[in-house]
Amino acid sequence: MNREIKSDQKGTEIFVGTGTKLCGIIGDPVEHSISPDMQNAAFSRLGLDFVYLAFRVKKEDLERVADSMRVLGIRGINVTMPHKIAVIPFLDEVDDLAAKIGAVNTVVNENGVLKGYNTDASGFLRMLSTADITIENKRVLVLGAGGACRAVACVLAERGAEITIINRSFAPAVELAAWISREAHRKVDVLDLSTGNMESCLKKADILVNTTSVGMSPVSNETLVPEKLLRSGLSVVDIIYNPIRTRLLQEAENKGAKVISGLEMLVQQGAEAFEIWTGEKAPVNEMRRAASGALKANED
Ligand code: ATR
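Predicted model, so just to flag it, every value in this text is computed and none were measured.

**What about the packing of aromatic side chains?**
So, step 1. Enumeration according to the criterion identifies three aromatic pairs in this entry.
So, step 2. An aromatic cluster is defined as three or more aromatic residues linked by ring pairs; in this entry it consists of Phe43, Phe50 and Phe274.
So, step 3. The residue whose ring lies beneath Arg150 is Trp179, and the NZ or CZ to ring-centre distance is 4.0 Å.

Here is the structure:
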């Protein structure tokens, strides 16, 4: 028998009982995660007997988290910074894409067997297809070469994009490009961060993806791309979700470009995780509404 324990300020009703399945997110820190808002809203929307909590976990406790999932029958977890790589040795299986990327952000517990996925990657693809953006043979300029870039660049290359990476530091970009070439068998160009390089790339590019942290709150008035280089016909994706509309996206929209916020990637990676855990089609509109509501509430 379920009983209502909480109807939070955002109006999400959560029911728990002896049959309730537990999901959650582990990270450090994890307090500002909006995944609990998004996932609980989705469970509630479909009337599923699931609940989602946030757990601050230290790296040295990851093995015990994996054991706890098996012992307590925890159905699934999301894994966020800084544990996406470190969690892998404690899983029983890792799906091919996550293994290739070398990072896991979603784990499902199938009768004690823990399997890892990378829904940042699959969510990124789902986000592009939702926006009717195709990748094959498209010229894509990727800004950045950090951890968030690996999943994005890997799936872009696998789907046949022609990628150029521009990064402030050259060495990590060269390393990332070499890794993509090995894994996805695509040649990737690397250029220094300069207005000249940006201009020549953007003249020919179909898609621009910002995977750097430039423009993220609280320094949200920054952008790496001069506005004059943006134009209609270009699709611009920013993986930053706070603010929802970065300066880059605002300026791109002013110039008539198609723009997609990182909020959409966050929602789509969450939708993929939801579907892995529940086997149900994710209520994406509800998840988007909850995620943007939580972000706005965090700003207040
Ligand atoms: P994540 O793992 O979330 O991608 P990260 O590894 O710190 O975070 O990577 C952040 C990316 O933003 C890097 O590509 C970084 O460039 P460097 O490799 O030169 O550090 C880029 N970045 C961060 N601040 C930047 C800035 N002020 N100007 C240009 N690039 C910046």
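Once you've had a look at it, read on.
**Quick look at the site of the ligand**
So, step 1. In the vicinity of the ligand, the contacting residues are Gly144, Ala145, Gly146, Gly147, Ala148, Asn167, Arg168, Ser169, Thr212, Ser213, Val214 and Leu224.
So, step 2. Within the contact set of the ligand, an oxygen atom lies 2.9 Å away from a backbone nitrogen or oxygen of Ala148.
So, step 3. In the environment of the ligand, an oxygen atom lies 2.8 Å from a nitrogen or oxygen atom belonging to the side chain of Arg168.
So, step 4. Protein contacts shield 65% of the accessible area of the ligand, which totals 640 Å² for the unbound molecule.
So, step 5. In terms of residue class, the shell around the ligand is built from four nonpolar, seven polar and one charged.

**Description of unusual backbone geometry**
Leaving glycine out, the prevailing phi sign among residues is negative, and the prevailing peptide bond configuration is trans.
So, step 1. Omega for the bond connecting Met81 with Pro82 falls within 30 degrees of zero, at 0°, which places this linkage in the cis form.
So, step 2. Tracing the chain through its elements places Pro82 in the loop between strand 5 (76–79) and strand 6 (93–94).
So, step 3. A cis amide bond, omega 10°, links Asn242 with the succeeding residue Pro243.
So, step 4. Mapped onto the elements of the fold, Pro243 is located in the loop between strand 13 (235–238) and helix 8 (247–254).
So, step 5. Although it is not a glycine, Asn111 sits at a positive phi angle of roughly 50°.
So, step 6. Along the polypeptide, Asn111 turns up in the loop between strand 7 (106–110) and strand 8 (113–117).
So, step 7. For Asp132, which is not glycine, the phi torsion reads 60° and is therefore positive.
So, step 8. With respect to the secondary-structure elements, Asp132 resides in the loop between helix 4 (119–130) and strand 9 (139–143).

Conventions adopted
- Chains are numbered independently. Their residues run from 1 in the order of the written sequence.
- The predicted origin of the model limits local features to residues at a pLDDT of at least 70 and limits the giving and counting of side-chain atom pairs to 80 or more, whereas totals for whole chains, interfaces and linings rest on all residues.
- Hydrogen atoms and water are omitted, and side-chain values are computed over all heavy atoms in the structure.
- Stacked, tilted and edge-to-face pairs are distinguished by plane angle, under 30 degrees for stacked and over 60 for edge-to-face with tilted covering the rest, among Phe, Tyr and Trp rings (Trp via its six-membered ring) whose centres lie within 6.5 Å.
- Only when the NZ atom of a Lys or the CZ atom of an Arg is both within 6 Å of the ring centre and within 35 degrees of the ring normal do we say a charge sits over the ring.
- Note on definitions. A residue lies near a molecule or strand when any single heavy atom of the residue is within 4 Å of it.
- Any N or O atom pair separated by 3.5 Å or less is treated as a polar contact, with the protein-specific requirement of one donor-capable and one acceptor-capable atom, and with residues adjacent in sequence counted only for side-chain atom pairs.
- Residue burial considers only the protein chains on display, and all accessible areas are found by Shrake-Rupley using a 1.4 Å probe.
- Here the term charged refers only to Asp, Glu, Lys and Arg, the term nonpolar to Ala, Val, Leu, Ile, Met, Phe, Trp, Tyr, Cys and Pro, and the term polar to all other amino acids, Gly among them.
- The secondary structure listing takes helices from DSSP runs of H or I that are at least 4 residues long and strands from runs of E that are at least 2 residues long, numbered from the N terminus.

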